[in-house]
Amino acid sequence: MSVNYAASLSPYEDKGKCGVPEVFDSVAELSSKMDTLADVLRTCKYLVVHTGAGVSTTAGIPDFRGPKGVWTLEKQGLAPQVDISFADARPTITHMAMVALETQGVLKYLVTQNIDGLHLKSGLPRSKFSELHGNVFVERCRTCGRWEESGSRLVGTWLFEVGCWLCVGSMCVENRLPQLG
């Protein structure tokens, strides 16, 4: 699965302002902003971070409304040209910075809108973040309700059609497999 997941989203007209150009600060401005951020992080008592598509763009996963975003291109009658799948994407420097902040006790919790699984792949403890829209690598058993993290297997596979390994128990899995083809 790649970025074509956006095609399966519920259609709606108002997708916000698409195609807004990116803004790049000068080195001096960026340095000043980094100093300010470092001061805030040193003095904060309870840091919660909210991330979105922008933290994964350097992993090759497009955002939605940026200059080459999925919805921006859709409005132009185009589709994103992406060569990476969610399974092959790797955490970015931003994902790893969140892990470092959590390890140092600064980051207390993270909330993400992303479904790409990169926060989980980065090593951020599962108990330290929530995924508002889910995760393409996490699936819930329809029989017992148990959550399963697959690592690289995308959700919607046959496993949870028949029940997770705990539900199958001593029953013969082969007798419960769906008929393919």
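Model, not experiment: these values are computed from the prediction.

## Quick word on the overall build of the protein
Then, in step 1: Looking only at helices and strands, one finds six helices and five strands in the protein.
Then, in step 2: Element order for the protein, N to C, with α for helix and β for strand: α-β-α-α-β-α-β-β-β-α-α.
Then, in step 3: A total of about 11600 Å² of accessible surface is found on the protein, and carbon and sulfur atoms cover 56% of it.

## Remarks on the packing of aromatic side chains
Then, in step 1: Enumeration over the complete set of coordinates arrives at one aromatic pair.
Then, in step 2: Measuring from ring centre to ring centre gives 4.5 Å for Phe64 and Trp71, while their planes differ by 50°; the resulting arrangement is tilted. A single burial state applies to Phe64 and to Trp71, both of which are buried.

## Quick look at the pairing of strand β1 (residues 47–51)
Then, in step 1: Here β1 shows one buried face, formed by Leu47, Val49 and Thr51, and one open face, formed by Val48 and His50.
Then, in step 2: In this structure, β1 lies alongside strand β2 (residues 107–112), joined through five bridges in parallel fashion. Following the sheet pairing, His50 is matched in β2 by Val111.

## Section: the confidence of the model for the protein
Then, in step 1: When the pLDDT values of the protein are averaged, the result is 81; 75% of them are 70 or greater.
Then, in step 2: Per-element mean pLDDT across the protein ranges from 52 in helix α5 (residues 159–162) up to 98 in β2.
Then, in step 3: Taken together, the stretch residues 169–181 has pLDDT below 50 and engages in eleven contacts with residues farther than four places along the chain or on a different chain.

## Describing the side chain of Asp116
Then, in step 1: Examined against the element boundaries, Asp116 turns out to sit in the loop between β2 and α4 (118–121).
Then, in step 2: The buried charged residue Asp116 lacks any salt bridge, with Lys121 as its nearest oppositely charged partner at 8.0 Å.
Then, in step 3: Sequence-distant contacts of Asp116, defined by excluding residues within four places in its chain, comprise Ser56, Ile61, Phe86 and Phe137.

## Brief notes about the environment of Arg126
Then, in step 1: By secondary structure assignment, the location of Arg126 is in the loop between α4 and β3 (129–131).
Then, in step 2: Side chain to side chain, Arg126 and Glu131 meet in a polar contact 3.1 Å long.

## Observations concerning the sheet that holds β2
Then, in step 1: Read across the sheet, three strands follow the order β1-β2-β3 without closing on themselves; strand pairing throughout is parallel. On the outer flanks of this sheet lie β1 and β3, each paired with one strand and no other. If you compare each strand with its neighbour and ignore which way they point, the axes differ by 10° on average.
Then, in step 2: Sheet strands touched by helix α3 (residues 93–103): β1 and β2. Its angle to β2, the strand with the most contacts, is close to 150°.

## Examining the pattern of salt bridges
Then, in step 1: Taken as a whole and judged by the stated rule, the model has three salt bridges.
Then, in step 2: The closest approach of N and O atoms between Arg42 and Asp39, which form a salt bridge, is 2.7 Å. Of this pair, Arg42 and Asp39 are both found in helix α1 (residues 27–43), three residues apart, which corresponds to roughly one turn of the helix.
Then, in step 3: Judged by its relative accessible area of 42%, Asp39 is partly exposed.

## Thoughts on the nonpolar core
Then, in step 1: By size, the foremost hydrophobic cluster in this structure holds ten residues: Leu47, Val49, Met98, Val99, Leu101, Val106, Leu107, Leu110, Leu124 and Phe129.
Then, in step 2: Of all the elements in the fold, those that place two or more residues in this core are β1, α3 and β2.
Then, in step 3: A total of three residues in this core trace back to one element, the largest contributor, which is α3.
Then, in step 4: What Val99 contacts, discounting residues up to four positions off in sequence, is Ser122, Gly123 and Leu124.
Then, in step 5: One finds Ile61, Ala89, Ile115 and Phe137 within the second-largest nonpolar core, a separate group that totals eight residues.

What counts and what doesn't
Every chain is numbered on its own, with residues counted from 1 as its sequence reads. Where local features are concerned, this predicted model is filtered to residues with pLDDT of at least 70; where side-chain atom pairs are given and counted, the filter is 80 or more; whole-chain, interface and lining totals use all residues. Water and hydrogen atoms were dropped before computing side-chain values, which therefore reflect all heavy atoms in the structure. By the criteria applied, helices consist of DSSP H or I runs no shorter than four residues and strands consist of E runs no shorter than two, each listed in order from the N terminus. In this description, accessible areas are obtained by the Shrake-Rupley approach with a 1.4 Å probe, and a residue is regarded as covered only by the protein chains that are shown. A pair of aromatic rings is counted whenever rings of Phe, Tyr or Trp (Trp by its six-membered ring) have centres within 6.5 Å, and the orientation is called stacked for planes under 30 degrees apart, edge-to-face for over 60 and tilted otherwise. Burial status follows relative accessibility: with a 1.4 Å probe on protein chains alone, a residue under 20% of its type maximum counts as buried, one over 50% as exposed, and anything between as partly exposed. Strand pairing is assigned whenever DSSP identifies at least 2 bridges connecting the two strands. Values of pLDDT, which run from 0 to 100, indicate the predictor's confidence residue by residue. Note on contacts: a residue pair qualifies if any of its non-hydrogen atoms lie within 4.5 Å across the two residues. Note that His is not counted, nor are the chain ends; the positive residues are Lys and Arg, and the negative ones are Asp and Glu. Put simply, a salt bridge is a Lys or Arg side-chain nitrogen that is within 4 Å of an Asp or Glu carboxyl oxygen. Pairs of N or O atoms within 3.5 Å make up the polar contacts considered here, provided that, within protein, one atom can donate a hydrogen while the other can accept it, and that residues adjacent in sequence are counted only when both atoms are side-chain atoms. For helices, the fitted line uses only the C-alpha atoms of the stretch in contact; every axis is such a line through C-alpha atoms, and the angle between N-to-C directions lies from 0 to 180 degrees. For the purposes of this section, nonpolar cores are sets of buried Ala, Val, Leu, Ile, Met, Phe, Trp, Tyr and Cys residues that join through side-chain atoms within 4.5 Å.

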